[in-house]
Amino acid sequence: MTRDPKTLIRLARETGEEASAEPLDLGARVRELRKARDWTLEQAAREAGLARSTLSKIENGQMSPTYDALKKLAVGLGIGVPQLFTPPKKEQVSGRMVHPREGQGLHQATVTYEHELLAESLTKKKMLPYRARVRARSMDEFDGWVRHDGEEFLYVLTGVVTLYTEFYEPIEMRRGDSAYYDASMGHNVVSVSPEDATILWITSLG
């Protein structure tokens, strides 16, 4: 089955299940904020102007604090009240990595391009990197412009190509040349060298 770049990008976005938002545990959040400051219950309670037993009950989910108590907690912790209800950002370092060797990517051929997806096994990616062999020799071979969400980076690996875009004059690009553009703008690439050119494409998925 053949797929165009827009379809590849849509499939990459849909790969993996969407993470559902978990309800915030206020007690656990307060304990986390306290421990991040290396404070004991006594220290945190003193800073917030609350009884130690009150703070302990809040952290253990045995008590729903009043707004006044929340304000005292926030002031004592040196943050705003909304931050008590804002989950901490997840660490960016997750240790994920793939290392496909030459020719090991997933191949998807179309009339105009032959794509090799370079990180196909990773789900929920923020970027879609793929190498493409450009078969097209003229704009007539395309069924209109390719458009999709996100931004795109193109880097010429071999040969010579012409990058056509909806709002700019065509650009001839040789090995080592690159372009970064809004992918919602119509764009197509054709090879103008005797052999099929090869390019690296990186498309944002966020």
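Residues numbered from 1 in each chain as written. Predicted model: local features only at pLDDT ≥ 70, side-chain atom pairs only at ≥ 80, totals over all residues. Heavy atoms only, no water.

Relative to strand S7 (residues 178-182), strand S4 (residues 151-158) runs antiparallel, the two being bridged by 5 bridges. If you follow Leu 154 over to S7, its bridge partner there is Ala 179. The pairing of S4 with strand S9 (residues 197-204) spans 6 bridges and is classified as antiparallel. Its bridge partner lying in S9, Glu 152 is registered against Thr 203. (Pairing = 2+ DSSP bridges. Helix = DSSP H or I, 4+ residues; strand = E, 2+ residues; numbered from the N terminus.)

This part takes up the pattern of salt bridges. As enumerated under the stated definition, the model contains 13 salt bridges in all. Note that Arg 133 and Glu 114 form a salt bridge whose closest N and O atoms lie 2.9 Å from each other. Here the residue Arg 133 occupies a position in strand S3 (residues 127-134), and Glu 114 occupies one in strand S2 (residues 113-117), the gap between them amounting to 19 residues. On the basis of relative accessibility, which here comes to 32%, the residue Arg 133 falls in the partly exposed class. Residues Glu 114 and Arg 135 are paired through a salt bridge, measuring 3.2 Å at the closest nitrogen-oxygen approach. A residue pair is termed long-range when its members are at least 10 positions apart, and Glu 114 in strand S2 and Arg 135 in the loop between S3 and S4 qualify at 21 residues. On the basis of relative accessibility, which here comes to 21%, the residue Glu 114 falls in the partly exposed class. One salt-bridge network, held together by shared partners, links Glu 114, Arg 133, Arg 135, Arg 137 and Asp 196. (Salt bridge = Lys/Arg side-chain N within 4 Å of Asp/Glu carboxyl O. Buried < 20%, exposed > 50% of the residue type's maximum accessible area, 1.4 Å probe, protein only.)

Quick look at unusual backbone geometry now. You will see that Asp 38, though not glycine, has its phi angle at about 60°, which is positive. Within the secondary structure, Asp 38 is located in the loop between helix H2 (26-36) and helix H3 (41-48). For Asp 38, a relative accessible area of 67% gives the class exposed.

All of the buried residues along helix H4 (residues 52-59) are Leu 55, Ser 56, Ile 58 and Glu 59. The arc enclosing the buried residues of H4, seen along the axis, measures out at 160°, which places them on a common side. Tucked inside the fold, the buried residues of H4 contact H2, H3 and helix H5 (67-77). (Arc of directions from axis to C-beta. Contact = heavy atoms within 4.5 Å.)

This part takes up the sheet that holds strand S5 (residues 160-165). The strand order across the open sheet built from 3 strands is S6-S5-S8, with neighbouring strands paired in antiparallel fashion. The open sheet is flanked by strand S6 (171-174) and strand S8 (187-191), the only strands paired with a single partner. Direction aside, the axes of adjacent strands within the sheet are offset by 25° on average. Taken together, the 4 bridges between S5 and S6 define a ladder with antiparallel strand orientation. Of the residues in S6, the one forming a bridge with Val 161 is Met 173. (Axes fitted to C-alpha atoms, helices over the stretch in contact; angles between N-to-C directions.)

Direction vectors running N to C along H3 and H4 enclose 105°, while the axes themselves pass 9 Å from each other. What the angle tells us is that H3 and H4 run roughly perpendicular. Residue-level contacts link Leu 41, Glu 42, Ala 44 and Ala 45 of H3 to Arg 52, Leu 55, Ser 56 and Glu 59 of H4. When its residues are assigned to classes, the contact of H3 with H4 shows 4 nonpolar, 1 polar and 3 charged. (Parallel < 35°, antiparallel > 145°, perpendicular 65-115°, else oblique. Nonpolar A, V, L, I, M, F, W, Y, C, P; charged D, E, K, R; others polar.)

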